[in-house]
2 protein chains.
Amino acid sequence: MIDETDRKILRLLQENARMTNKELAAKLDLSITPVYERVKKLERKGYIKGYSARLDHEKIGKGMMVFMHLKLQVHTHENIRHVIEEVDHLEEVMECYHVTGETDYLLKVMVKDMPAYETFVVEKLTKIKGIANINSSIVMSTVKSTTSLDV
Amino acid sequence: MIDETDRKILRLLQENARMTNKELAAKLDLSITPVYERVKKLERKGYIKGYSARLDHEKIGKGMMVFMHLKLQVHTHENIRHVIEEVDHLEEVMECYHVTGETDYLLKVMVKDMPAYETFVVEKLTKIKGIANINSSIVMSTVKSTTSLDV
DNA sequence: ATTGAAAAAAGAATGGG
DNA sequence: CCCATTCTTTTTTCAAT
């Protein structure tokens, strides 16, 4: 189990993964060694899965975000497996979840702009066999977006 | 503008934000200095917005994810401002987008479990004035989840 | 578990192609 | 824009508590 000191480390590393052990130690009122040991433990035990650079979507040409609700034609094991496999390979699909409710799957898709989105839908998504229905919610603006969980 | 070398650096740092300049240099067949200069430039120009630790949702007690579609009662400037302000303050809300389609806002919510979700809905979300309607899609399983954009 | 110190590695800064 | 070198800082290990 992890204690409050570990949770503080996780909070700080969520905000800045490149914070040095020295900086962490200063904020936690500890010496460097225990901080070093704790970070290694959190990595080893899988609390920390990795470290990522956060990029500017607009600047790197992924300024358009769309949430797409997919409904399957038939819910056979084979159809589910096939659709999942195909969706997984699409680089535009950042996230895909099996969800409860009216639809079966929810996808978060990121593309450059509207023409790129149309190409994605026409050339890739609708070519996947087994999808009955697609309902899209285009993101007009981002009210809030964080990757930092309340640990 | 950025070139292919810059894009490779962004790709690698998305996967591992703690990769050293030495490792980057080896993968790019460059010496350390240009790599150092390029990373600093990408940070300075805002292509890299920051670095985050990726945590294990289950392990830190955020094992339940729900997407919630919100519809507003009235679309006055004042009501929109109020709802946005309140939603922004909720720690369970990781993302909130203004979207096209049937509903107005899409929220990604992360909580510990079903009781915590019920508490969130009853004690927090439904206490916000101005929300007409909530439609929830509970995540049963994650088919794909990546933070690495195809740069 | 934490401290302090020492060795190894990486980062920052500089002068030159 | 890139390379090589030096200087500084950080990471990592280890003895001691």
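Residues numbered from 1 in each chain as written. Chains lettered and ligands numbered in written order. Predicted model: local features only at pLDDT ≥ 70, side-chain atom pairs only at ≥ 80, totals over all residues. Heavy atoms only, no water.

As annotated in an unreviewed UniProt entry, chain A is Lrp/AsnC family transcriptional regulator from Shiella aurantiaca.

**Thoughts on helix α1 (residues 4–15) of chain A**
Our working rule: Starting at the N terminus, helices and strands are each numbered in turn, a helix being any DSSP run of H or I of at least four residues and a strand any DSSP run of E of at least two. In this analysis, the expected span of each helix is defined as 1.5 Å times one less than the number of residues it contains. Buried means the residue's accessible area, taken with a 1.4 Å probe over protein chains only, is under 20% of the maximum for its type, while exposed means over 50%, and partly exposed covers the values in between. Relevant arc is that of directions from the helix axis to the C-beta atoms, nothing else. Contacts between residues were defined by any pair of non-hydrogen atoms, one from each residue, lying within 4.5 Å. By the criterion applied in these results, polar contacts are pairs of N or O atoms within 3.5 Å in which, for protein atoms, one can donate a hydrogen and the other can accept it, and in which residues neighboring in sequence qualify only through two side-chain atoms.
Over its 12 residues, α1 of chain A runs 17 Å from end to end, which matches the ideal 16 Å to within 8%, given 1.5 Å per residue. Taken residue by residue, α1 of chain A has D6, I9, L10, L13 and Q14 of chain A as its buried positions. In a view along the axis of α1 of chain A, the buried residues occupy a sector of 130 degrees, so they form one face of it. Buried residues in α1 of chain A make contact with α2 (21–28), α3 (32–44) and β1 (48–55) of chain A together with β1 (48–55) of chain B. At the N-terminal boundary of α1 of chain A, the capping side chain belongs to D3 of chain A, with an oxygen 3.1 Å from the backbone nitrogen of T5 of chain A.

**Some details on the sheet that holds strand β2 (residues 64–72) of chain A**
We count it as follows: Strands are treated as partners if at least two bridges between them are detected by DSSP. Note on definitions: angles span 0 to 180 degrees between N-to-C directions of axes, and those axes are lines fitted to C-alpha atoms, for helices only across the stretch in contact.
Overall, antiparallel pairing links the eight strands, which are arranged β2(A)-β4(A)-β3(A)-β5(B)-β2(B)-β4(B)-β3(B)-β5(A) in a closed barrel. Strand-to-strand twist in this sheet, taken as the mean axis angle between neighbours without regard to direction, amounts to 35 degrees. Here strand β3 (residues 93–99) of chain A runs beside strand β4 (residues 105–111) of chain A; their pairing, made up of five bridges, is antiparallel. By the bridge assignment for β4 of chain A, C96 of chain A is matched with L107 of chain A. In the packing of helix α5 (residues 114–124) of chain B onto the sheet, the strands contacted are β2 (64–72), β3 (93–99), β4 (105–111) and β5 (131–145) of chain B, and the crossing angle to β2 of chain B comes to about 20 degrees.

**A word on the protein's contact with DNA strand D**
To keep things clear, this is the line we draw: Whether a residue is near a molecule or strand is decided by its heavy atoms; if any one of them lies within 4 Å of it, the residue is near.
The immediate surroundings of DNA strand D are formed by T20, N21, K22, I32, T33, Y36 and K40 of chain A together with L30, S31, T33, P34 and R38 of chain B. Expressed as a percentage, the sugar and phosphate content of the atoms of DNA strand D within 4 Å of the protein is 73%. Contact between DNA strand D and K22 of chain A: a phosphate oxygen at 3.1 Å from a side-chain N or O atom of the residue. In this structure, Y36 of chain A approaches DNA strand D through a side-chain N or O atom, which is 2.9 Å from a phosphate oxygen.

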